[in-house]
Amino acid sequence: MKATQNTLSLTDVCRSYRIGPVTAEVLRGVNLEIGSGDLMSIMGPSGSGKTTLMNIVGLLDRPSSGTHVLDGHDVSGLEDDMLSTLRNEYIGFVFQAFHLLPRLTALENVCLPLVYRGVGRAEAIRRAQAILGRVGMADRSHHQPSQLSGGQKQRVAIARALVGNPVLLLADEPTGALDAETAQEVMALLLQLNAEQGVTILIITHDSSVARQCTRQLRIDDGKLLELPGQDRGADRPPRPLADDGIRDQGAAAP
Ligand SMILES: Nc1ncnc2c1ncn2[C@@H]1O[C@H](COP(=O)(O)OP(=O)(O)O)[C@@H](O)[C@H]1O
Ligand SMILES: [Mg+2]
């Protein structure tokens, strides 16, 4: 029996861009269901619409048509303000180029999403420190990004993405700027967060060795999303209970 609960579903999602008289149909009827605890990769040629899809999933953009349900909310037609409120609460982003603020320490960078939510300083620091410990960066919390290696920066960025207990972690080429060995270390961290904390993760990647480590592998081509068969989706694996240490505490105690 399937133990996972549905986190997100896209139904017949299309996205086209109009430039002057020309309309480019980038997504042509994408269907996607993400369950809580899924670990998914999306590959596809450059220009195939991976970032377009990720922007829609991450509430940075809206479909031209189709429906998008996130954690029970139909978000297809929401205004920008509402989208950004939901985005802040539900989504954590990790980018290829880390996007850490250079003048802030690792700890301050990780605190930021909580500060935006109005969490008090002491509580923000407590939760940021806990999550930095989880990604193996407790002893670097007072370093600035320039004092960290690429792999360490990405660990801090992952901590920042997770500190607000998102329902979904979206990573756009998270290992793309790293050498092979460091890339594998970062991938191992993502695998561990998924297996041990039940973090739901969607990774866009060009690297087939990264994709192969995910339990669900998807490909986008010609505007359509295809799932590669034969993967163990881990559907019978019950979601693990999550400790109250800043990774995820809401929604974890689903019946
Ligand atoms: N804001 C935009 N306006 C017009 N065309 C866009 C815009 N964003 C993306 N596109 C086009 O959509 C297609 C898919 O882009 P993108 O999603 O960035 O691809 P990928 O991430 O797979 O490389 C490309 O042809 C790109 O030129
Ligand atoms: Mg892209």
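Once a new chain begins, its residue numbering starts again from 1 and follows that chain's sequence as written. Chains carry letters and ligands carry numbers; both start at the beginning, A for chains and 1 for ligands, and go up in the order they are written. Note on the predicted model: pLDDT of at least 70 is required for a residue's local features to be given, and 80 or more for side-chain atom pairs to be given and counted; whole-chain, interface and lining totals, by contrast, use all residues.

**What to know about the nonpolar core**
Worth spelling out the cut-off: For this analysis, nonpolar core means a set of buried Ala, Val, Leu, Ile, Met, Phe, Trp, Tyr and Cys residues linked through C-beta atoms within 7 Å. Exposure criterion: with C-beta atoms placed from backbone coordinates, a residue whose C-beta has 20 or more other C-beta atoms within 10 Å is buried, one with 12 or fewer is exposed, and one in between is partly exposed. For the purposes of this entry, the term helix denotes a DSSP run of H or I that reaches at least four residues, the term strand denotes a run of E that reaches at least two, and both are numbered from the N terminus.
Grouped together as the largest cluster of nonpolar side chains are 64 residues, with contacts concentrated most on Val110, Leu132, Ala159, Leu168, Leu169 and Leu202. Element by element, the count of residues in this core is highest for helix H5 (residues 150–162), at six residues.

**Focus on the pairing of strand E3 (residues 39–43)**
Under the convention used in this document: Whether two strands pair comes down to DSSP finding at least two bridges between them.
Along E3, five of the five residues are buried, which leaves the element largely enclosed by surrounding structure. Of the two faces of E3, the one lined by Leu39, Ser41 and Met43 and the one lined by Met40 and Ile42 are each fully buried. Alignment of E3 against strand E8 (residues 201–204), held across four bridges, turns out to be parallel. Paired with Ile42 across the bridge in E8 is Ile204. Here four bridges tie E3 to strand E9 (residues 216–221), and the two strands are oriented parallel to one another. In the strand pairing of E9, Ser41 is matched with Gln217.

**What about the confidence of the model for the protein chain?**
Put simply, the test is: One number per residue, pLDDT, summarises how confident the predictor is, and it ranges from 0 to 100. Here, residue contact means that the backbone-derived C-beta atoms of the two residues sit within 7 Å.
For the protein chain, per-residue confidence averages 89 on the pLDDT scale, and 88% of positions sit at 70 or higher. Contacts from residues 233–255, a stretch scored under 50 in pLDDT, to residues over four places away or in other chains number 44 contacts.

**Here we look at the sheet that holds strand E10 (residues 224–227)**
To keep it simple, the criterion reads: Between N-to-C directions, angles span 0 to 180 degrees; the directions come from axes that are lines fitted to C-alpha atoms, helices contributing only their stretch in contact.
The six strands are arranged E6-E7-E8-E3-E9-E10 in an open sheet whose pairing can be described as mixed. This sheet does not close on itself; its edge strands, each paired only once, are strand E6 (91–95) and E10. Pairs of neighbouring strands in the sheet enclose a mean axial angle of 20°, with direction left out of account. Strand direction decides the pairing type here: E6 and strand E7 (residues 168–172), joined by five bridges, are parallel. Note that in E7 the partner of Ile91 across the bridge is Leu168.

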